[in-house]
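Geometric and topological summary
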Amino acid sequence: MRPKVVAHRGASHDNAEHTLRAYLAALDAGADGLECDVRLTADGHLICVHDRDLRRTAQSPGAVSTMELAEIAELDFASWKNPWADLDDEAAEPDPETSGVLTLRKLLEHVADLDRRVEIAIETKHPTRYGGLVEKRLVEMLGEFGWARPGSPARVMSFSFTALQRVERLAPGVQLVQLIDRPAAWPMLKRAIGRDWLVGPGMDDLTEHRKYGKRLARSGHEVHVWVVNTAEELRLCQDLGVTTVITDRPAYLIGLLDGRPGGRSASGA
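Quick look at helix α10 (residues 210-217)
- Within the sequence span of α10, burial applies to Y212, G213 and L216. Buried residues in α10, looked at end-on, bunch into an arc of 100°, giving them a common side.
- Lining the buried residues of α10 we find β6 (175-180), α8 (186-192), β7 (198-201), α9 (203-208) and α11 (231-240).

Structure (structure tokens):
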């Protein structure tokens, strides 16, 4: 079975995560989908960012929830990925359009304008000071794109069962993915999650606990795995019948699946 390849925060192995540059690189590589994390700014904008504060990706101590979009838009979200770029005379000047903060709306607009179907997996981060307002704003935005319905290219993911319940109430047709951060949580979650929900275990847990992966595979839920970056990890996912792999390296995994130069095919051929 060939799994779909979804770019984790864009093609984030080679590009600064959650920048438009990273997502454009993933699309150029032929990714089947894009993954992003979203947080709500103080003035109510959903932006693509993982951490609660901006120290790591924008060299700013500010918390996303306490800053307005205009403040965040002044920051550089790309330089941290290549801190020695100033010493490279041949390095291209950073483009603010592709290296600054990326709003969810702008990312969705790019996906909507494509001439092929590209799925978008949106993770809401919790805990947050805004609680359920994050899911409310997200569903409203999906509705503006006509994507708060069955068959939509968008799906919502979270480690928070409560957050996914909110989305289910607000938009029953949207596909949901219950992310799982430890195998011990699965026995409880499998009794609580919806029959049609997908499950999203971490790759490290599947590697360390082989029986866990087999239990998930037999559960009747589609399995989406994060983060799959090597040929060995990809083969394990294929053996388990995983339907989607989320990766920092979409071009590399697609090459493995296609058997192109740069690595063996995932089947070992």
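Digging into unusual backbone geometry
- In this chain, H126 is followed by P127 through a cis amide linkage whose omega measures 0°.
- Relative to the helices and strands, P127 is located in the loop between β4 (119-124) and α6 (133-144).
- W226 connects to V227 through a cis peptide bond whose omega is -15°.
- Backbone geometry at Q59 places phi at a positive 50°, although glycine is not the residue there.
- Along the polypeptide, Q59 turns up in the loop between α2 (55-58) and α3 (69-72).

Description of the layout of surface pockets
- Computed from the structure, the second largest pocket encloses a volume of approximately 200 Å³.
- As for the second largest pocket, its lining consists of 17 residues, of which R117, E119, S152, R155 and Q175 are closest to the centre.
- Considered class by class, the residues forming the lining of the second largest pocket number four nonpolar, seven polar and six charged.

A short note on helix α7 (residues 161-170)
- Listed in full, the buried residues belonging to α7 are A163, L164 and V167. When α7 is viewed along its axis, its buried side chains cluster within an angular range of 95° and face the same direction.

Quick word on the pairing of strand β9 (residues 244-247)
- Burial along β9 is two-sided: T244 and I246 facing one way and V245 and T247 facing the other are all buried.
- Direction of pairing for strand β1 (residues 4-8) relative to β9: parallel, over a ladder of four bridges. Note on β9: the bridge partner recorded for K4 is T244.
- The pairing of strand β8 (residues 224-226) with β9 spans three bridges and is parallel. Looking across to β9, one finds that V225 is bridged to V245.
- For the segment spanning β8, α11 and β9, crossover handedness is right-handed.

Considering the side chain of E17
- Summarising the element assignment, E17 is placed in the loop between β1 and α1 (20-29).
- Here R56 takes part through its side chain, which lies 2.8 Å from a polar atom of the side chain of E17.
- Not counting the four nearest positions on each side in its chain, E17 is found in contact with R9, S12, H50, R56, T57 and W80.

Some thoughts on the side chain of E35
- Relative to the helices and strands, E35 resides in strand β2 (residues 33-40).
- Within the buried core, E35 has no salt-bridge partner, and the shortest N-O distance to an opposite charge, that of R9, equals 4.9 Å.
- E35 has contacts with V6, A7, H8, R9, G10, Y23, A121, E123, M157 and I246, leaving out every residue within four places of it along the chain.

A short note on the packing of α6 against α7
- Between α6 and α7, the least distance of the axes is 9 Å, while the angle of their chain directions is 40°. At the point where α6 passes α7, the crossing takes the right-handed sense. Counted together, E135, K136 and V139 of α6 and A163, R166, V167 and L170 of α7 form the full contact between these two elements.
- Split by residue class, the contact of α6 with α7 holds four nonpolar, no polar and three charged.

The rules behind these values
Residues numbered from 1 in each chain as written. Predicted model: local features only at pLDDT ≥ 70, side-chain atom pairs only at ≥ 80, totals over all residues. Heavy atoms only, no water. Buried < 20%, exposed > 50% of the residue type's maximum accessible area, 1.4 Å probe, protein only. Helix = DSSP H or I, 4+ residues; strand = E, 2+ residues; numbered from the N terminus. Arc of directions from axis to C-beta. Contact = heavy atoms within 4.5 Å. 1 Å grid on protein atoms, 1.4 Å probe; cavity = no way out; pocket = protein on both sides within 12 Å on 5 of 7 lines; lining within 4 Å. Points joined across faces, edges and corners; volume = space filled by probe spheres on them. Nonpolar A, V, L, I, M, F, W, Y, C, P; charged D, E, K, R; others polar. Pairing = 2+ DSSP bridges. Right-handed = clockwise from strand over helix to strand, strands pointing away. Polar contact = N/O pair within 3.5 Å; in protein donor to acceptor, adjacent residues only side chain to side chain. Lys, Arg positive; Asp, Glu negative; His and termini not counted. Salt bridge = Lys/Arg side-chain N within 4 Å of Asp/Glu carboxyl O. Axes fitted to C-alpha atoms, helices over the stretch in contact; angles between N-to-C directions. Left-handed = near helix turned anticlockwise from the far one by under 90°.

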